[in-house]
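# Breakdown of the fold
Each chain is listed here by its residues.
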Amino acid sequence: MALNILRRLLAGVVLLFVVATVVFVALQLVPGDPARTILTGTGATPTEEAVQALRDELGLNLPLWQQYAAFLGQLATGSLGESLQNGQPVLDLVAQRLPRTLILILTSTVVSVLLGVLIGATAARFSAGRGAWWDRVVLAATSVGVAVPSFVAAVLLVYAFGVQLQWLPSGGFVPFERNPAGFFQSLILPTAALAVGFTGTVARMTRSSVLGVGNQDWVRTGRAVGLRERTVFLRHVLRNSLSPVLTVTGLQMGAMLGGTVIIERVFNYPGLSGLLIDAVTQRDYPIVQGVVLVIAALFVVLNIVVDIAYGFLDPRGRN
Amino acid sequence: MTPLNSLLRQLRRPGPAAAAIFLVLLVLVALLADVIAPYSSIAQSSERLAGPSAAHWLGTDQFGRDTLSRLIVGSRVDLLVSVGATAVATVLGVVVGLVGGSSRGLVGLLSMRAVEVILAFPPIVFALLIVTLFGQGEFTMIATMGILFAPAFARVVYGEVLTIRNLEYVQASEVIGSRRTRILFRVILPGVIPPVLVQVSLTLASTMLLSAGLSFLGLGVVPPTPSWGSMIGEGQALMLTSPLLLFVSSGVIVATILAFSVLADATERGLDPRRRARSPRAPRSRPTPPRTQVIPLNVQKKMETMP
Amino acid sequence: MSAPTPGEPLLVADAVGISFETPDGVVDVTRDISFEVGAGETAALVGESGSGKTVTAMSVLDLLPATAGRSGAMRYLGEDLFTAPAERIRRLRGGEISMIFQEPMTAFNPVYTVGRQISDAIRAHRPMSRAAALTEATRLLADVGIPEPARRVRSYPHQLSGGQRQRAMIAMAIANDPDLLIADEPTTALDVTVQAEILALLRRLQKERGMGILLITHDMGVVAEMADRVVVMEKGDVVEQAGVFELFAAPTQPYTQALLAAVPRAGSVAAPERAPQATDGAPALELQGLSVRYPGSFLKKGFLAVEDVSLTIPQGEVLALVGESGSGKSTIGKAVVGLVPTEGGELRIAGKDVRKTSAGQRRELRRSFAMVFQDPASSLNPRQSIGESIMEPFVVHRPEMGRAERNTRVSELLERVELPSAWHSRYPHELSGGQRQRIGIARALALEPALLIADEPTSALDVSVQAAVLELFRTLQRELGFSCLFISHDLAVVELLASEVAVLRAGRLVEQGATASVLRAPREEYTRRLVEAAPVPDPVLQRERAAKRLAVGN
Amino acid sequence: AGGTDGGDDVLLYGLDSDVPNLVTPQNQGSASMILNAALHRGLVQYDAEGQIVPALAESWDDEGSQSFTFHLRDDLTFHDGSELTSEDVKATLEYIADQDNSAKLYAAASGISSIETPDDTTVEVELAAPDAAFLSFLADVSGAILPSESLGQDEPTYVGAGPFQYVSYEQGSSFVVEAFDGFYGADDVQLDGIEFQIMADQTARDNALLSGSVDAVSFVGWNSYDQVEQNDSLVLDRTEGPFMYLVFNTTEDSPFSDPLVRQAVAYAVDRQGVIDSALAGQGEPLNGMPIPENSDYYDEQYADYYEQDLDKARELLAEAGYPDGFTARMLSSSQYDFHENTAVSVQADLSEIGIELEMNLPDWPTRLELGAAGDYDIAVYGTSGLTNDPAFLSEILTPSGSQNASYGYDDPKVAELLAAGRAATDTAERQAVYDELSEYVLEQAPIVTLAWRAQAFGYSVDVTGFSNIPGFLTFDSGYTLANTGLK
Ligand SMILES: Nc1ncnc2c1ncn2[C@@H]1O[C@H](COP(=O)(O)OP(=O)(O)OP(=O)(O)O)[C@@H](O)[C@H]1O
Ligand SMILES: Nc1ncnc2c1ncn2[C@@H]1O[C@H](COP(=O)(O)OP(=O)(O)OP(=O)(O)O)[C@@H](O)[C@H]1O
Ligand SMILES: [Mg+2]
Ligand SMILES: [Mg+2]
């Protein structure tokens, strides 16, 4: 297994290289000129000379292979380059935003997985007989959960709890060091907004998986030795149903690495996604490349963790 | 009873039946959109952001266009693009997941790493690239979203295959001499269908929503052509002042997803021999006919004594 | 818990009927089943495979699937369990009444260690710390004769051999000193020595605590040794009940008579006639110095399950592999068909080293051999109808065969293993243990293989069906001259079928030779014990032998 | 630093975007202008009405709009305590005039031919040619005077001579300043400090204002205008600043190379429709020259030139040789709703006269590049003049501002008139030039103006002294923070 992890990490390095190259090429292919975009800002009028001058300064007029070599050279030294916009080291930008994104991902994952598994499991458990209404409610509610765009959830949450009731801050991020209570408060609404769809996804997967496992022989054994129904369900049905749940959880967590831009915007939460999208819409190549690489690296780690977790969920699949 | 029969049987239950009827109607609406829609979907009028009225059942948007007509015409793009993209994603993802999960060598490693490359790639960059290379249009959208969502399927399938490939019935098929493709598609695949079905209904929802997000990059449906996704996008800006637009456009998506979910659930049930045997209201135990007589037994049998 | 006095009926089945809801309507599988089990007494439920023994046993503790319906009454100390509240049933389960399932392979949850599952069962009834329960579980595993219990207690079910799992199941069932033990084929996967120990253990418990046992078995030797009373079932009905001595001495019903007559007895048959020796020389199977190691977790060295085994099966011969449970028999079988990687040694089928052939050749080769898995339940695809399962070899190797022809062949095969040909569209979970096993056999024989690896193929079959299946084997051997690696713990069957026997112990071959000489004049101490432990279907004789064994043991 | 907590008067301000590396002379968007106005001062500045008033320069002499002598105030210091002298002014202006530095005021500063510093408080600036708009350019916040040693440095020092000095900055989150005692007008500064909270999202900003978690925000979303206006504790301070217009590809291949076709477009568009659909009704129709009402050169006649008249439009099209209309490519960007919606609205209008538009709505950088490359027939654009002075028109009417102007449009007469307008020193004389220009440009219709966009600050009624400088100068409103107080 240790060997396996090592192998995966090596594959991960290759993957990062591939991602780096693809991003580099992609950005070259995509129209839009960083210099022009920077100079235009919110509607200014750069002259063509100014645009060219800035391109020269930013090294955008160098031959492609030179730019690529420079980019790889930077990577080799562990640097992600500097923003074209303002010369900030990309590593600093990422280092500042990454923890916030991770915190948000973590809280919403914990909330969604707990809630989703609870909802999905109860729905499946009572899917026949007297509890069937609950199953139907869950099916409908999770459909709403996954089909309602996250900005709707986000805006409604801000509007209800931030603007109308004023129970929670309508947005912003409070660093933990500055104000622990505020820190947690500032996390509640974004977490909730992210959790809406995520919970629905987890609940659906749990429900389906539990329904499939419920008939296995070992469930009968659990009953036969006198375990309580609840115990039988938790240990012998639910536990064996978790592998697809783990999969969707891993997928969702990965998707959130660069995909929480709407939530970040609505809650004015400075995270990684916002950085990425801003960089893309301003063609700030080094930031895009840097953020994508960091996301890819996290992905590699995340996937390894998920794959190891499969082994814990089902010892048969180990190694 | 063949799986097909049992699937059809599932459709007789009220929930799945309603869902199927809804979807059939939806397809009809999409096909006949031009005939049914009360107004042109792009004609603007000065009656902007009107509430529901006899003339405009679902009101109008900020261009004074009839919301109902836009929903009707928009269903076309949504069904085509979402269903198309989901189909592409499902097929691609399932194949890659099966191969990745079942081959232990280089192929397995490579296929799942390829999946990671796509997953690790932020959709926005990917979409930008695609639109640059292939231009905009429905085909591009289907291809883009198909590729974007395929990795999720691959991961789901991969996770399941890890478990299933070790089961003895898979080994039994191997011993028989089944080709790899047969083992993958005929032996392992049926076991991964339930989570794939769930993923299908989730992906349908995501693709409908994403088509709005893609139009942000100029990749989606080109305005003023309506699509549900883009209507949600338009409704977003107005959600606090005129929520109706957002409400109805989200509403049709929710209803469609719900219908798909119910059908997926019924399919899953129909495909699982252990679950489908059960009819909805089974008597748990049947009444016992009154009996008095017990077969006489020699109860007083002595215990054997062992030395 | 009131300790019931011996002799008082512990369990009374009163006109129990069980039905299943199927897509084609409600089907009654048993009617009017009535019998009693007294405290300290063993009632044996015997009968045809598929006659309803298992479902009757499962109905006691309400363990049937939701599609089942029950009628009649099942009284435990006078209380009708069919109408008792669920919570009451739960308390009885695993405490006062416990159950050993027929198929121990699938009865354990694959994701927990067996120790964890046994200790959970203990803790469900007795307040105990987890650690204490685990110690208790280890002790129980030792009680049921599992070697290295401290290691096995931490094993996952898939890491145990069939017999080990069955013993773990027994350990779990006796963990809470039940008053009534329902044992559904508890020794099918055990070699005779271990079986003898287990039976002795059960009898000891019975004697010490007055435990009642409802024993389901098809092994008339076991019945002879254990039962006080025998209930004979056929096609869902009780056809005869009597004390064990009366029944064996004078069976009244034709079915019972046939049943007893069909029992093979070790040493009672002539060595099987040989098929004409094939001339081209290459043996059907050749193992040389084969070793198999299961991978260990993390950096630990794995478990060497088979060590330096050399075997040769000439064409047209049947070689029986016998030996202690957990000795590596199944492992060898799986290694032959390529399901577990070998660590060392050579392995040739019809002269070719399978591992060195190309994929295409291997497929071709696979067409010539087939395998019957030890565990029929898990080797059948739950999502495939049994017709589709049996058809699979045709689909794979005879693509030219039409649909209709395939169906005809499937029907034929079903009939040859004594199953109704109309059962095509049934699913594995709708079958009895013995029926599932026969599906496995039918599938393996579908292509009339040149080499068959049969891992305990008749362990779940009652003697009459077993006789039919053995006859089928012999016919095929005569007609096609096929070769077979026959893994079994039933020495009587081995004697019937095999021309050679190899005895395996702890992964090594201890003895090998012609069946007659090995079984009648064993050279090795272990083989001798094995032969002596084989039960005979005669209550008087068998009990004497058991008593002697016990005396020696003490 | 510190001192922004406790009972002090600290203004909580919701800023519309982050400015990670403030380079004062550059154009870094409206948020940077607010920050620069708090931190810095130039020689001159705008007051709340948009008039040019003294800042670091107490007074100045203007000879023929060509040579300027600025007299600095005494005892000016930067936040770091160092003295602000004429040398700093010279260094700053030279920096701006250097093309390599991409300064926002480069175009204006490039006209400087010499800068003399006879003493510490006197600066003499000589232009190569008269420029009537020179001062109004210098009044922009990007004309702020910086310590000479800080010019061209990689990292911002934030040191300036403005009313507030830098306390702390946390990227993506907040920018905090406190009142600077050494500011020349420190006596009028009422606030102890300002905490700018960065709120890039429109909804987030609106919500912060509505929920009272900030005292003021940069721009209120159009859809929230009503809500803010109806809220008794909030003020909506709006002006019509930037404007939307259509540009054309005027090269030969494009049907829009014909002025008649462009006129047809000008007659065909429903300007109120654009406002209602794209600007949520928050704007004013712009029927002619984009010269704001508070400009000295505003003329009603040229402001209300085109009315929607479809028949007239069709006539013009027919006259141009397109009786049945034609198909053309429309470029706009879906990154900004109002750009996209303007295009959709115009599309429907032009379809009425037979011009069918195929939409191309890429993201913003792509839109800019396609625009600059002329890869379109007709395109939507929005801008705001750098100053209220009509001199800014060169940015949208000549190739010097290529991407804001119609592609390929290069009319010597327009260039001539614009130069004349800038060179003329007398108001009446300039007026005449601009009238002639207006007449000509409206006739030629190289661009078709559509609507003024409303631009509003929102703040609590407790905030005093802050105001939205009208017209194009709305983005310079940060100047009024120096006089802002909290009740
Ligand atoms: N996957 C595994 N990992 C580790 N050990 C295993 C694994 N499978 C089997 N073993 C061990 O290998 C040994 C041989 O197992 P095998 O199944 O071959 O026994 P067997 O002779 O068939 O026994 P039985 O008669 O009980 O079926 C046993 O001790 C078992 O515990
Ligand atoms: N879930 C089910 N649905 C339908 N029929 C079933 C189901 N389970 C069992 N049966 C049928 O009930 C009959 C009795 O099965 P049971 O398992 O009790 O047999 P058995 O006597 O234990 O046989 P064996 O000796 O082979 O284990 C069989 O014919 C079987 O096909
Ligand atoms: Mg049975
Ligand atoms: Mg075995």
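Only a predicted model underlies this, so the values are computations on that prediction, with no experimental measurement involved.

Conventions and cut-offs
Residues numbered from 1 in each chain as written. Chains lettered and ligands numbered in written order. Predicted model: local features only at pLDDT ≥ 70, side-chain atom pairs only at ≥ 80, totals over all residues. Heavy atoms only, no water. Donors = N, O, S within 2.8 Å, 3.2 Å for Na, K, Ca; no water. Helix = DSSP H or I, 4+ residues; strand = E, 2+ residues; numbered from the N terminus. Buried < 20%, exposed > 50% of the residue type's maximum accessible area, 1.4 Å probe, protein only. Contact = heavy atoms within 4.5 Å. Buried area = accessible area lost by both parts, 1.4 Å probe. Salt bridge = Lys/Arg side-chain N within 4 Å of Asp/Glu carboxyl O. Polar contact = N/O pair within 3.5 Å; in protein donor to acceptor, adjacent residues only side chain to side chain. Nonpolar A, V, L, I, M, F, W, Y, C, P; charged D, E, K, R; others polar. Near = heavy atom within 4 Å. Areas by Shrake-Rupley, 256 points an atom, 1.4 Å probe, with all protein chains shown as cover. pLDDT = per-residue confidence, 0-100. UniProt positions renumbered as here; feature names shortened; annotations may be inferred. Pairing = 2+ DSSP bridges. Axes fitted to C-alpha atoms, helices over the stretch in contact; angles between N-to-C directions.

## Topic: the coordination of the magnesium ion (ligand 3)
Each donor-metal-donor angle in an ideal tetrahedron of four donors is 109.5 degrees, and each such angle in an ideal octahedron of six donors is either 90 or 180 degrees. All names here are of chain C. Every protein donor of the magnesium ion (ligand 3) is listed here as T54 (OG1) and Q102 (OE1), and their distances to the metal cover 1.9 to 2.2 Å. Of this pair, T54 sits in helix α1 (residues 53–60) while Q102 sits in the loop between β6 (97–100) and α3 (104–107); the two residues are 48 residues apart in sequence, bridging distant segments of the chain. Neither T54 nor Q102 differs from the other in exposure class; each is buried.

## Description of the environment of P259 of chain D
Residues and elements named next belong to chain D. Positionally, P259 belongs in helix α7 (residues 259–268). Exposure remark for P259: the relative accessible area of 26% places this residue in the partly exposed category. When the C-alpha positions of P259 and A320 are compared, they lie 8.6 Å apart, and in sequence the two are 61 residues distant.

## Some words on the interface of chain B and chain A
Contacts between the two partners involve 52 residues from chain B, matched on the other side by 59 residues from chain A. Of the roughly 4800 Å² buried where chain B meets chain A, counting both sides, 72% is carbon and sulfur surface. For the pair chain B and chain A, the number of links is three salt bridges. Inspection of the region where chain B meets chain A yields eleven residue pairs in polar contact (both at pLDDT 80 or more). Those elements giving two or more residues to the side of chain B that touches chain A turn out to be α5 (106–120), α6 (123–134), α7 (138–164), α9 (180–215), α10 (228–237), α11 (244–271) and α12 (273–276) of chain B. The residue makeup of the side of chain B that touches chain A, split by class, is 32 nonpolar, nine polar and eleven charged.

## Topic: the site of ligand 2
Residue and element names in this part refer to chain C. As a matter of local geometry, ligand 2 sits amid 20 residues, with S49, G50, T54, S432 and G434 nearest to it. A distance of 3.4 Å separates an oxygen atom of ligand 2 from a polar atom in the backbone of G433. For ligand 2, the accessible surface in isolation is 640 Å², of which the surrounding protein chains cover 93%. Taken together, the elements giving at least two residues each to the shell around ligand 2 come down to α1 and α16 (433–445). For the shell around ligand 2, the residue count by class is five nonpolar, eleven polar and four charged.

## A closer look at the site of ligand 1
Residues and elements named next belong to chain C. What surrounds ligand 1 is a group of 21 residues, the closest being G163, G326, K329, S330 and T331. S327 is positioned such that a nitrogen or oxygen atom in its backbone is 3.2 Å from an oxygen atom of ligand 1. Within the backbone of K329, a nitrogen or oxygen atom sits 2.7 Å from an oxygen atom of ligand 1. Protein chains shield 92% of the accessible area of ligand 1, which is 640 Å² for the free molecule. The set of elements that each furnish at least two residues to the shell around ligand 1 consists of α7 (162–174), β12 (303–313) and α12 (329–337). Per-class residue counts for the shell around ligand 1 are five nonpolar, 13 polar and three charged.

## Considerations on helix α4 (residues 114–123) of chain C
The buried fraction of α4 of chain C is high, at eight of ten residues. Looking only at α4 of chain C, the buried set comprises V114, G115, Q117, I118, S119, D120, A121 and I122 of chain C. Tucked into the core, α4 of chain C has its buried residues touching α10 (229–258) of chain A together with α5 (130–143), α6 (149–152) and α7 of chain C.

## What about the pattern of salt bridges?
Under the defined criterion, the tally for this structure stands at 56 salt bridges over all chains. The salt bridge involving R223 of chain A is made with E229 of chain A; its shortest N-O contact spans 2.7 Å. For the salt bridge of E532 of chain C with R528 of chain C, the shortest nitrogen-to-oxygen distance reads 3.1 Å. Here E532 of chain C and its partner R528 of chain C are both found in helix α20 (residues 525–533), four residues apart, which amounts to about one turn of the helix. Residue E532 of chain C is classed as partly exposed on the basis of its relative accessible area, which comes to 45%. Note on R528 of chain C: relative accessible area 33%, which makes it partly exposed. Residues participating in the shared-partner salt-bridge network are R8 and D307 of chain A together with R113, E116 and R155 of chain B.

## So, the confidence of the model for chain D
When pLDDT is averaged across chain D, the result is 89; 98% of the residues are at 70 or more. Confidence estimates for the predicted assembly give a pTM of 0.85 and an ipTM of 0.84.

## Things to note about the UniProt feature "domain: ABC transporter" (unreviewed entry) in chain C
When the UniProt feature table is mapped to this numbering, "domain: ABC transporter" (unreviewed entry) covers residues 10–260 and 285–531 of chain C. Overall, residues 10–260 of chain C shows 39% helix and 28% strand. The separation of its end C-alpha atoms is 28 Å.

## Re the interface of chain A and chain D
On the side of chain D, 42 residues touch chain A, which itself brings 45 residues to the contact. For the chain A and chain D pair, buried surface summed over both sides reaches about 3400 Å², with 44% attributable to carbon and sulfur atoms. Summed over the shared surface of chain A and chain D, the number is zero salt bridges. Joining chain A to chain D, the criterion identifies four residue pairs in polar contact (both at pLDDT 80 or more). Within the residue set of the side of chain A that touches chain D, elements represented by two or more residues are α2 (34–40), α3 (48–58), α5 (90–125), α7 (150–164), α11 (261–266) and α12 (272–282) of chain A. Each residue belonging to the side of chain A that touches chain D can be placed in one class, and the counts come to 17 nonpolar, 18 polar and ten charged.

## Digging into the sheet that holds strand β1 (residues 9–22) of chain C
All names here are of chain C. Pairing within the open sheet is antiparallel, and its four strands lie in the order β2-β1-β4-β5. Both outer strands of the open sheet, β2 (25–38) and β5 (79–80), are each paired with one neighbouring strand and no more. Examined bridge by bridge, strand β4 (residues 68–76) and β5 share two bridges and lie antiparallel to one another. Bridge assignment links Y76 to a residue of β5, and that residue is E79. Strand contacts of α1: β1, β2 and β4, with the helix running at about 115° to β1, the strand carrying the most contacts.

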